[in-house]
Amino acid sequence: MTIYPTKQHFAKTAKNLGVSSGIIYVKGGETIIHPDSDTEYDFHQDSNFYYLSGVREPGFSAAYDISTDTAILFVNHVSADESVWIGVPPSLEEYRLAHGFDEAHYTYDIEAVLTALKAPVVYTLPYCKTDQLGMALELAVDREKLLEPLHEARVFKDAFEIDIIRRANRISGEAHLALMKETRLGMNESELRGRFVGLTLAQGCIYEAYGTIAARGRNAAILHYTKNNQQLDSDTEMILVDAGGTFENYASDITRTWPIGPKFSPECRDIYQIVLDMQKATINACAPHKQWVDMHLLSNRVAAEGLLKLGILKGSVDDIMKNDVIGYFMPHGIGHFLGIDTHDVGGYPKDTERSDRPGLRYLRVRRGMLPNMVFTVEPGIYFVDGILAAARADPKVAEHIDFETVANYRKVGGVRIEDNIVITEDGCENLTNCPKEISELEAIRSAVYNK
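A short tour of the structure in this document, coming up. (Residues numbered from 1 in each chain as written. Predicted model: local features only at pLDDT ≥ 70, side-chain atom pairs only at ≥ 80, totals over all residues. Heavy atoms only, no water.)

**A closer look at the sheet that holds strand β11 (residues 250–251)**
Turning to step 1, where the next piece is worked out: If you trace the 3 strands from one edge of the open sheet to the other, you get β7-β10-β11, paired in antiparallel fashion. Both outer strands of the open sheet, β7 (207–208) and β11, are each paired with one neighbouring strand and no more.
Turning to step 2, where the next piece is worked out: Pairing analysis gives 2 bridges linking β7 to strand β10 (residues 245–247), with the strands arranged antiparallel. Counterpart to E208 in the pairing with β10 is G245. (Pairing = 2+ DSSP bridges. Helix = DSSP H or I, 4+ residues; strand = E, 2+ residues; numbered from the N terminus.)

**What about the side chain of D324?**
Turning to step 1, where the next piece is worked out: Mapped onto the elements of the fold, D324 is located in the loop between α12 (317–322) and β13 (374–377).
Turning to step 2, where the next piece is worked out: What makes D324 buried here is its relative accessible area of 15%.
Turning to step 3, where the next piece is worked out: Beyond its immediate stretch of four places on either side in the chain, D324 contacts R357 and P358. (Buried < 20%, exposed > 50% of the residue type's maximum accessible area, 1.4 Å probe, protein only. Contact = heavy atoms within 4.5 Å.)

**Details of the sheet that holds strand β16 (residues 419–423)**
Turning to step 1, where the next piece is worked out: An order of β13-β16-β17 is seen for the 3 strands of this open sheet, with the pairing classed as antiparallel. With partners counted over all chains shown, the strands left at the sheet margins are β13 and β17 (428–430), one partner each. On average, adjacent strands in this sheet sit at an angle of 30° to one another, irrespective of strand direction.
Turning to step 2, where the next piece is worked out: Sheet topology places β13 next to β16; 4 bridges connect them, and they run antiparallel. Across the sheet, the residue bridging to V377 is D419, located in β16. (Axes fitted to C-alpha atoms, helices over the stretch in contact; angles between N-to-C directions.)

**Some thoughts on the pattern of salt bridges**
Turning to step 1, where the next piece is worked out: For the structure shown, the criterion picks out 29 salt bridges.
Turning to step 2, where the next piece is worked out: Across the pair D419 and R256 runs a salt bridge, and its minimum N-O distance is 2.8 Å. Here D419 is found in strand β16, whereas its partner R256 is found in strand β12 (residues 254–259), with 163 residues between them in sequence.
Turning to step 3, where the next piece is worked out: Residue class for R256 comes out buried when judged on its relative accessible area of 1%.
Turning to step 4, where the next piece is worked out: D419 serves as the salt-bridge partner of K436, at 2.6 Å between the closest nitrogen and oxygen. Of this pair, K436 sits in the loop between β17 and α16 (438–449) while D419 sits in strand β16, and the two are 17 residues apart along the sequence. Accessibility classification places K436 together with D419 in one group, the buried group.
Turning to step 5, where the next piece is worked out: Residues participating in the shared-partner salt-bridge network are R154, K157, D341 and D344. (Salt bridge = Lys/Arg side-chain N within 4 Å of Asp/Glu carboxyl O.)

Have a look at this one:
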């Protein structure tokens, strides 16, 4: 692994900030202890701090002198007594070299080192603790201007970041494939989650990018289902697994839905094919300078055409689109930014309006696509009782839905297919390499039953 591009990330943020002098100061996360115990919560580094520093350990801080292009790391000091429990840490010089900084000091020297820079202002994040800066520097702190430029820097991934996300995808995709081959009747959803986590950790991921969803049958109609505690007891149902590993602090986010039995049931196959068509059409259309909201609407139009053919919907595609009918079958957005966070920052730049239309209200990105943006593309179709009840209650929507036909497909639960893409100069690259064609999935599942 090459050295994390610390200075490039600081410099990109400073450029977005639009100033020629001052200090950028960020503080990393601290270890948190469960109340009334000595047990630590699992530590996850603050995402903004990681983006600028590449440091995963707790108790660190970092600064950047804008005028001199100098990156300074402040290292958590480990006493001799502490080292008995956690080991002897690297030296300051080893930390400096490993993380690409110009200087490294201990955190107890923050005030002296930064005061000597005589900067007119210290830019920091709204939530950042600055008690170690000292009184004089505290008076110079600006908490308002840094966050948006930092978020905008994170939106555009460099080659280093894209390569890490690609590796996270490869590891997670291989784990999904292993689960497809290992799914058996009688298993519990929790077994699939445990197997996925074990496989990705064994290949270098540091933790789950988010709580794994392993949802059989009707459970797949719960978009963020995380109970993962039901048995796979029907070979006519499907299992939806939404899971990704985090590699070097960058996330992957992949969803696959496959039959528990050797083949899709007719109803499951129908819905799966529509979702696959939605995803393929969307990915093929992704390119620079197109609007992300238009990708969402494109997926909705493909869904409308497919559901019309099944008789689930009725009327014209244009009227279905006009009345946001698909929002009652795909209530979430077509995807989101991906990076250090699974739902990465920057989706709604300042003053960007939000829509309250069904489906669009949960769209996590509303801006034009540009090279080096990384997105998930995750269309789905779900049969959610509460949402369908709301559709029935709205005459403009209900006239386009055949609820008797819907009842025949309710048992499907839901289907989602999710890949991760990066926008290129002339289109996009799909970073996810994991089977999703019906023929591929049925070949894998049939092989399991033929053993």
